[in-house]
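Okay, here's what each chain looks like letter by letter:
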Amino acid sequence: MPAIFATAPAKAILLGEHAVVYGQPAIAIPLPQLQTKVTILASPIAPSGTIQILSPAIGLDAQITDLAEEHPIKKALSLLANHFNLSNLPAMKVLIHSDIPVAAGLGSGASVSVALIRAVSSFIGHPLHDEQVSAIAFEVEKIHHSTPSGIDNTVITFGRSLLFEHGKAMQFIDLKEAFDLIIADSGEKSSTRETVEMVRHDFQNAPHLYQDYFDNIGILVKQALFALQIGSMNTLGSLLTENQLILNKMKLSTPKLDDLIGAAMQSGALGAKLTGGGGGGCIIALVDSINSSKVRDALTEAGALGVFSVTIKNQNGIN
Ligand code: MEV
């Protein structure tokens, strides 16, 4: 049997992280420049349920039975077996390759889940629809932190820029024009579980203050949606920076993230902020063609571990 493979992109949250967990809207974009690829090879002579997992980048080479119940890969496979009413999945070798930095706010975990769910469901002859893939990946996300909003699995599965609000239908965003972002990795590990727990704790201690933060972020997100729809990049830049000010008050930034954001702004970025869970991870800076390379250089000089540029376009091919 030939190998079967599936891919899934990384993601970045443009605005609205954390507030989205509390019911506010948020905007997320896929980053197809960074990919996870999962390849499945049949192991025809091994008994069913014999599953070897190989992920060279994280030094993983294990039998599924050796992984803890709460391991996200084991969880994804057991959710798939349940979905298909199988007591065991067929014997297989699962190879995972990803160029998405881990714990950097770019959705590496959700990307592995989505690619794995797609690859395994195809391997057993029942490729799942995007809604089903996203729903299973959402269940796996609960391992990473107990109250995921669902934004990561959704944008990574559907691969389109979208407005996400818990309990409402997602809205794909029709961009008036393409725009450029520079993404810079601080090299500090970001634990979404820890930052989500910290925010929950602080929200419980200061509910009015945090509700104001969430509401104000929600307003920025709606303004950003409009800015994207009319192609007002200067406005979008200011909104990113305003979002960052609130995230900073919520103690989600770090001195290193602040340095990178400062370097981007001083070299002409239209706006910049952390992206994802925060407490480390990546920043995003909105740039135009004039200042793009200057911002890149400034971020490298400021000590970013990795810096790369992405152009965000309508995924329907219009621009
Ligand atoms: C993580 O990418 C985004 C957070 O808002 C958590 C979530 O939405 O589940 C921090």
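Above this text you will find the structure in question.
What counts as what
Residues numbered from 1 in each chain as written. Predicted model: local features only at pLDDT ≥ 70, side-chain atom pairs only at ≥ 80, totals over all residues. Heavy atoms only, no water. Axes fitted to C-alpha atoms, helices over the stretch in contact; angles between N-to-C directions. Helix = DSSP H or I, 4+ residues; strand = E, 2+ residues; numbered from the N terminus. Left-handed = near helix turned anticlockwise from the far one by under 90°. Contact = heavy atoms within 4.5 Å. Nonpolar A, V, L, I, M, F, W, Y, C, P; charged D, E, K, R; others polar. Phe/Tyr/Trp six-rings, centres within 6.5 Å; stacked < 30°, edge-to-face > 60°. Lys NZ or Arg CZ within 6 Å of the ring centre and 35° of its normal. Salt bridge = Lys/Arg side-chain N within 4 Å of Asp/Glu carboxyl O. Buried < 20%, exposed > 50% of the residue type's maximum accessible area, 1.4 Å probe, protein only. Near = heavy atom within 4 Å. Polar contact = N/O pair within 3.5 Å; in protein donor to acceptor, adjacent residues only side chain to side chain. Areas by Shrake-Rupley, 256 points an atom, 1.4 Å probe, with all protein chains shown as cover.

**Q** How would you explain the packing of helix α3 (residues 130–144) against helix α4 (residues 151–158) if you had to name every residue and give the values?
**A** The contact between α3 and α4 brings their axes to 9 Å, and the two run at 145°. The handedness of the crossing between α3 and α4 comes out as right-handed. Along its contact with α3, which presents Asp130, Glu131, Val133, Ser134, Ala137, Phe138 and Glu141, the element α4 presents Asp152, Asn153, Thr154, Thr157 and Phe158. Of the residues in the contact of α3 with α4, the class split is 4 nonpolar, 4 polar and 4 charged.

**Q** Now, about the packing of aromatic side chains: what can you tell me, with residues and values included?
**A** Following the criterion strictly, the structure yields 6 aromatic pairs and no others. Grouped by ring-pair contacts, the aromatic residues Tyr22, Phe203, Tyr210, Tyr213 and Phe214 constitute a single cluster. Just above the ring of Phe172 sits the side chain of Arg160; from NZ or CZ to the centre is 4.1 Å.

**Q** Give a description of the pattern of salt bridges that names residues and reports values.
**A** Here the structure, examined in full by the defined rule, presents 7 salt bridges. Between Glu17 and Lys273 there is a salt bridge, with the nearest N and O atoms lying 2.9 Å from each other. Pair noted here: Glu17 is in the loop between β1 (4–15) and β2 (26–42) and Lys273 is in strand β9 (residues 271–274), with a separation of 256 residues, a long-range link. A relative accessible area of 0% places Lys273 in the buried class. Here Glu69 and Lys74 are joined by a salt bridge, their closest N and O atoms 3.3 Å apart.

**Q** Requested: an account of the site of the ligand, with residues and values cited.
**A** Of all residues adjacent to the ligand, which total 13 residues, the nearest are Lys11, His18, His145, Ser149 and Asp152. Side-chain polar atom of Asp152 to an oxygen atom of the ligand: 3.0 Å apart, as the coordinates give it. Calculation on the ligand without its partners gives an accessible area of 300 Å², and the protein chains cover 97% of this total. Sorting the residues of the shell around the ligand by element identifies β1 and α4 as the ones contributing at least two each.

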